[in-house]
Number of protein chains: 2
Amino acid sequence: MEVMSGKNLWCCLNNGDVVEKMKRLGRLTCRKIWKVGKEDKRRVIHSLKVGISLSLVSLLYLMEPLFKGIGENAIWAVMTVVVVLEFTTGATLYKGLNRGLGTLLAGLLAFLIERIANESGHIFHAAFIGTAVFLVGAMTTYMRFFSHIKKNYDYGVVIFLLTFNLITVSSYRVDSVLKIAHERFYTIAIGCGICLLMSLFIFPIWSGEDLHLSTVAKFDGLAKSIEVCINEYFSDDNINQQEEKVRENSMEMEDPIYKGYKDVLDSKSSDETLALYASWEPRYLRSSSWQQYVKLGTVLRHFGYTIVALHGSLQTEIKTPQSVRVLFKDPCIRLAREVTKTLKELSDSIRNRRKYCPEISSNHVHEALQDLIDALKLQPRLFLSTNSNTNILLALATLATRQKSGKDFVASLSSVNNDNSDRLGLSHDKKSLRATLSKIGMTSLEFLEALPFAAFASLLVEIVARLDLVIEQVVELGRVAQFKEYSHDDVVINVSCDNNSRVGSEFLPSHSATD
Amino acid sequence: MEVMSGKNLWCCLNNGDVVEKMKRLGRLTCRKIWKVGKEDKRRVIHSLKVGISLSLVSLLYLMEPLFKGIGENAIWAVMTVVVVLEFTTGATLYKGLNRGLGTLLAGLLAFLIERIANESGHIFHAAFIGTAVFLVGAMTTYMRFFSHIKKNYDYGVVIFLLTFNLITVSSYRVDSVLKIAHERFYTIAIGCGICLLMSLFIFPIWSGEDLHLSTVAKFDGLAKSIEVCINEYFSDDNINQQEEKVRENSMEMEDPIYKGYKDVLDSKSSDETLALYASWEPRYLRSSSWQQYVKLGTVLRHFGYTIVALHGSLQTEIKTPQSVRVLFKDPCIRLAREVTKTLKELSDSIRNRRKYCPEISSNHVHEALQDLIDALKLQPRLFLSTNSNTNILLALATLATRQKSGKDFVASLSSVNNDNSDRLGLSHDKKSLRATLSKIGMTSLEFLEALPFAAFASLLVEIVARLDLVIEQVVELGRVAQFKEYSHDDVVINVSCDNNSRVGSEFLPSHSATD
């Protein structure tokens, strides 16, 4: 609205044919502004919070009768609010505490150096301060390259360096360093106080909550990806047309499969940042639980890579014929459905902060896996050739064995189990076998067509294996974060929850066990 | 060294039995400090640069005779140096220019509001300023949620808000806003000048160079991963022992395969940051070429996901028997070697900023791929059973066909090509075929064991397909970044270069075509 009024003003000044263009630009801008706010309402709240905080801090300066003496240094309060007040409470606390600690340590060091410098002459004083500035500057900057400091205290180190230099340099001219430091500390404390008040008590936005919800969203996204992936693989569409569609989608990056796993793949840095901020939040003091979220994120990313490979087998150059797919459709779809169901149960258990019981669903996944393996066992002929020439060969072979050696042959089958047996087999009739093999060579294109299905099936098996690792980490999360015990009723109710929890996240109940 | 002397001082003060402990801690700290510097020598250089810059800025304050009048506001120069001088030139320019732009715009807006406010009464003045602070604070913060602004101008917006508030609030008490602004601008300009001088002319560290080298390193890492992956898959070790080793390695995350692709997978945010900074660097004005590096990074990440899946098939629960692996060892190793060779050629062409010629190596990859496919075509029997019971069956089947129907059977084989034929096959002797199938059921565990090999082969095919996408992007990079034309001699020379180019990167010739 504010932008509009400014724009209208501008329009009035330049009254001409640009008016129409400006109006259109204004409408576009308004729509963009509206969209950004609608995506996440907390953005609007945060903006208002910053505005209010700054107005409050400005009062220090504007209301002379109330704050005599402080007014002069009010700029430090303003600076503190602008720099420290961040989107989430965790980030604000991280910055605020780092700022406080950095300022305090820098003040102490500056005071120490000041005392030493004061005992020397004027020229030496300047040289001493210059050397101290150089050494502290170089050493502090070098410290920022240590990964542990970089990760947890980077901002504090910058503030340390800044404050140290300001105090040291100022102290050279002004004698009452302590008085200045005292006043400055006072205003910075007021600024920090306002920031903490705003971020802790007025519509607080928790990094921990964000990390929690983004983890839940990851599970939902992966489940969605697997679902769409399986459906597309076994859909009855014309294969070529479908593949074309998949390829087009992947170019535009609007593929629902891609959309599902995309956020998981690149989640490392955002996860780590959120966990860092969350570890500063007072509501969730057990920082180890945030490390567990990061660990779960890593396992989920590895789970995601398998889905990328699964997605890849949809887009591969060599296509599995429809006839092969149809045969394994049911066990594959069942397995995928069980995996999807498990992922959704995991997401629900995390969403509701309840411990997950691996006993309930994991077994179904393994049953479904066994079904698929059984199905693969029953149809091994397909992997020699899809148009079942082999079946005829096999039928004939059976007839031949029955005619020739009867029951003895079955016994020989089970006894000959070493690799040399193919040479034994060949020795019977080398020439005729070669002829057969060349005939099989004719049909082996179908084997190549079945190859991607084998990869597909193998990746499904891989997914189940990785799902176990994910479950392991979720159980560990339940233990570390002290989630509630599992009860059956809750899960039934919450399966029907909608998954678009990002926007309305601040309205979600957040009765964590760690309160 | 500085740390040591401080530590020694401390030891002397607390002379007791803690001396030994302190000494050990000192040694450990020294080793750590040494290691951080040895990893990247530029860190030491940057630290010294910051120290020197701060000392220079402090001179403004310390040398009264030279800089009369500025001294009072020297803190702004100090602040500028601490905040703006970053590790790479691009980051410094990004921050410096954002700071400059933010300060300038904030100054103008503050001046405008000041003029309007001055025309009103004293009480209204305060209310007006309060409102302006609130509105600008809220709107500016809201702007930071726009992805484009967040990405390119976030720091500038923060500085805008900071400066606007400082000027507006100060102006309420001080009448000579313009004089203050002028002095402040002067000192900030000096600070920025020192930062630019330091980052542009004294041992400059370029984000563009970092992005370039990290892209080269990614190719080398991926090549290494594929090489080790293939070698481990086909190594003659005891399989179980080897798998155990692989599993152990993956737990400790010290697996060379994992090490090779790990940096590629999580490269998104660092790539984008480096590209952002690089786009501000004067040496590399064509910002589109940096976007091409980011795009290449995306394609490489997708290439990496396939290697993760390939790595996964090394760790899978179902193991491919040695006998199967040995049969396909040569074509697989050849294909992998060709892919690795291509990756190394790509990395060399980028390292030396030369255009890549897809005609030279890509063909070998496709030849090797054809070899593998041919090998798979020749050995289709393996995918029915590995201990070659089937061979016997096939041999018998051939005998049977020869005895029964002779040449006619071959004709029937080529004519029967539809899926219904298995029913035809079954109708001959349903019972006996079922018996055969159940016998095959006994041996189908071997089929399941061959399944991961099919996945492995399929993933190799997938890798070749994705390699083509990578080559496409590298060729596009050569075009966009205007690399030199390909010449054969260069490649031969540079293949023997060592790949540890990170440490010595500043000594590499950097005669880019974009100079």
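No experiment lies behind these values; they were computed from the predicted model shown. (Residues numbered from 1 in each chain as written. Chains lettered and ligands numbered in written order. Predicted model: local features only at pLDDT ≥ 70, side-chain atom pairs only at ≥ 80, totals over all residues. Heavy atoms only, no water.)

Notes on the overall build of chain A
Broken down by element type, chain A carries 20 helices and zero strands. The buried share of chain A, reckoned over its 515 residues, is 54%. Considering only contacts in chain A between residues 6 or more positions apart, those separated by 24 or more positions represent 84%. As presented, chain A carries roughly 23,800 Å² of accessible surface, and 61% of it is formed by carbon and sulfur atoms. (Helix = DSSP H or I, 4+ residues; strand = E, 2+ residues; numbered from the N terminus. Buried < 20%, exposed > 50% of the residue type's maximum accessible area, 1.4 Å probe, protein only. Contact = heavy atoms within 4.5 Å. Areas by Shrake-Rupley, 256 points an atom, 1.4 Å probe, with all protein chains shown as cover.)

Brief notes about the confidence of the model for chain A
Residues and elements named next belong to chain A. Here chain A averages 71 in pLDDT, while 65% of its residues score no lower than 70. Mean pLDDT values for the elements of chain A range from 31 in helix α17 (residues 407-415) up to 89 in helix α9 (residues 207-233). This complex was scored by the predictor with a pTM of 0.72 and an ipTM of 0.70. (pLDDT = per-residue confidence, 0-100.)

Topic: the environment of I463 of chain B
All names here are of chain B. If you trace the backbone, I463 turns up in helix α19 (residues 430-480). Classification of I463 as buried rests on a relative accessible area of 1%. Considering only alpha carbons, one finds I463 and N352, 111 residues apart in sequence, at a separation of 25 Å. Setting aside residues no more than four positions away along its own chain, I463 makes contact with I226, F303, T306, I307, L310 and V339.

Here's the deal with the pattern of salt bridges
Inspection of the entire model under this criterion finds 36 salt bridges over all chains. Here K341 of chain B ties to E338 of chain B by a salt bridge, and the two come within 3.7 Å at their closest N and O atoms. One end of the pair, K341 of chain B, and the other, E338 of chain B, are both in helix α14 (residues 322-351), three residues apart, so they sit about a helical turn from each other. Classification of K341 of chain B as partly exposed rests on a relative accessible area of 38%. The network of salt bridges with shared partners includes D40, R42 and D210 of chain A. (Salt bridge = Lys/Arg side-chain N within 4 Å of Asp/Glu carboxyl O.)

Describing the UniProt feature "transmembrane region" (unreviewed entry) in chain A
Residues and elements named next belong to chain A. As annotated by UniProt and renumbered to match this structure, "transmembrane region" (unreviewed entry) occupies residues 44-62, 74-94, 123-143, 155-173 and 185-206. Strand forms 0% of residues 74-94 and helix 81%; the C-alpha atoms that close the span are 23 Å apart. Counting secondary structure, residues 185-206 comes out at 77% helix and 0% strand; the distance between its end C-alpha atoms is 27 Å. (UniProt positions renumbered as here; feature names shortened; annotations may be inferred.)

Focus: the environment of A138 of chain B
Along the polypeptide, A138 of chain B turns up in helix α6 (residues 122-143). Along the chain, A138 of chain B and L161 of chain B lie 23 residues apart, while their C-alpha atoms are 9.8 Å from each other. Once residues lying within four places of it in the same chain are set aside, the contact partners of A138 of chain B are S47, L48 and G51 of chain A.

A closer look at the packing of α9 of chain A against helix α12 (residues 268-278) of chain A
Residue and element names in this part refer to chain A. Orientation of α9 relative to α12, taken along the N-to-C sense of each, is 145°, at an axis distance of 8 Å. Relative to α12, the crossing made by α9 is left-handed. Between α9, through S207, G208, D210, L211, S214 and K218, and α12, the contact on the second element is made entirely by D271, L274, A275, Y277 and A278. Classifying every residue of the contact of α9 with α12 by side-chain character gives five nonpolar, three polar and three charged. (Axes fitted to C-alpha atoms, helices over the stretch in contact; angles between N-to-C directions. Left-handed = near helix turned anticlockwise from the far one by under 90°. Nonpolar A, V, L, I, M, F, W, Y, C, P; charged D, E, K, R; others polar.)

A short note on the packing of aromatic side chains
All names here are of chain A. Tallying each qualifying case throughout the model produces 21 aromatic pairs over all chains. With centroids separated by 6.0 Å and ring planes inclined at 85°, the aromatic side chains of Y142 and F146 adopt a geometry described as edge-to-face. Residue Y142 is classed as buried on the basis of its relative accessible area of 12%. Taking relative accessible area as the criterion, F146 reaches 12% and is therefore assigned buried. (Phe/Tyr/Trp six-rings, centres within 6.5 Å; stacked < 30°, edge-to-face > 60°.)

Quick look at the packing of α9 of chain A against helix α11 (residues 256-265) of chain A
How two helices pack is summed up by the angle between their axes together with the distance between the axes. All names here are of chain A. Running from amino to carboxyl end, α9 crosses α11 at an angle of 150°, the nearest separation of the two axes being 8 Å. As judged from the angle between their axes, α9 and α11 are roughly antiparallel. Crossing handedness for the pair α9 and α11: left-handed. Listed contacts from α11 to K218, G221, L222, S225, V228, C229 and E232 of α9 are P256, I257, G260, Y261 and V264. Split into classes, the residues belonging to the contact of α9 with α11 amount to seven nonpolar, three polar and two charged. (Parallel < 35°, antiparallel > 145°, perpendicular 65-115°, else oblique.)

A word on helix α3 (residues 42-62) of chain A
In a regular helix each residue adds 1.5 Å, so 21 residues correspond to 30 Å; α3 of chain A covers 30 Å between its end C-alpha atoms and thus fits that length. Most of α3 of chain A sits out of view: 15 of its 21 residues are buried. (Expected span 1.5 Å × (residues − 1).)

Re the nonpolar core
Grouped together as the largest cluster of nonpolar side chains are 126 residues, with contacts concentrated most on F303, V339 and L343 of chain A together with F303, V339 and L343 of chain B. Those residues in contact with V339 of chain B that sit more than four places away from it in its chain are I226, F303, V365, I463, V464 and L467 of chain B. (Core = buried A, V, L, I, M, F, W, Y, C linked by side-chain atoms within 4.5 Å.)

Here's the deal with α9 of chain A
Taking 1.5 Å per residue as the helical rise, α9 of chain A with its 27 residues ought to reach 39 Å, and the 38 Å between its terminal C-alpha atoms agrees with that figure. The buried fraction of α9 of chain A amounts to 23 of the 27 residues, a majority that puts the element mostly inside the structure.

As for unusual backbone geometry
Residues and elements named next belong to chain B. Its identity is not glycine, yet F203 carries a phi of approximately 40°, on the positive side. Within the secondary structure layout, F203 lies in the loop between α8 (177-201) and α9 (207-233). Looking at F203, the relative accessible area reads 55%, which means it is exposed. Positive phi is not limited to glycine here, since R353 has a value of about 50°. Its place among the elements puts R353 in the loop between α14 and α15 (358-378). On the basis of relative accessibility, which here comes to 7%, the residue R353 falls in the buried class.

Points about the state of the cysteines
Disulfides are covalent bonds that connect the sulfur atoms of two cysteines. Enumeration according to the criterion identifies zero disulfides over all chains in this entry. This cysteine, C195 of chain A, is not joined by any disulfide, and C192 of chain A carries the nearest cysteine sulfur, 6.2 Å off. (Disulfide = S-S within 2.5 Å.)

Quick look at a positive patch on the surface
A cluster of basic side chains, namely K21, K23, R24, R27 and R31 of chain A, defines a positive patch on the protein surface. With respect to the helices, strands and loops of the structure, R27 of chain A is situated in helix α2 (residues 18-39). (Patch = residues over 30% accessible without salt bridge, like charges linked within 9 Å, V, L, I, M, F, W, Y side chains within 5 Å. Lys, Arg positive; Asp, Glu negative; His and termini not counted. Charge placed at Lys NZ, Arg CZ, Asp CG, Glu CD.)

Here's the deal with the environment of E345 of chain A
Mapping E345 of chain A onto the fold places it in helix α14 (residues 322-351). For the pair E345 of chain A and C357 of chain A, spaced 12 residues apart in sequence, the C-alpha to C-alpha distance is 9.6 Å.

Description of a nonpolar patch on the surface
Residue and element names in this part refer to chain A. Together, V44, L48, I52, L56 and L59 line one region of the surface with nonpolar side chains, adding up to about 350 Å² of accessible area. On the secondary structure map, I52 appears in helix α3. Under the relative-accessibility criterion, I52 is labelled partly exposed at 38%.

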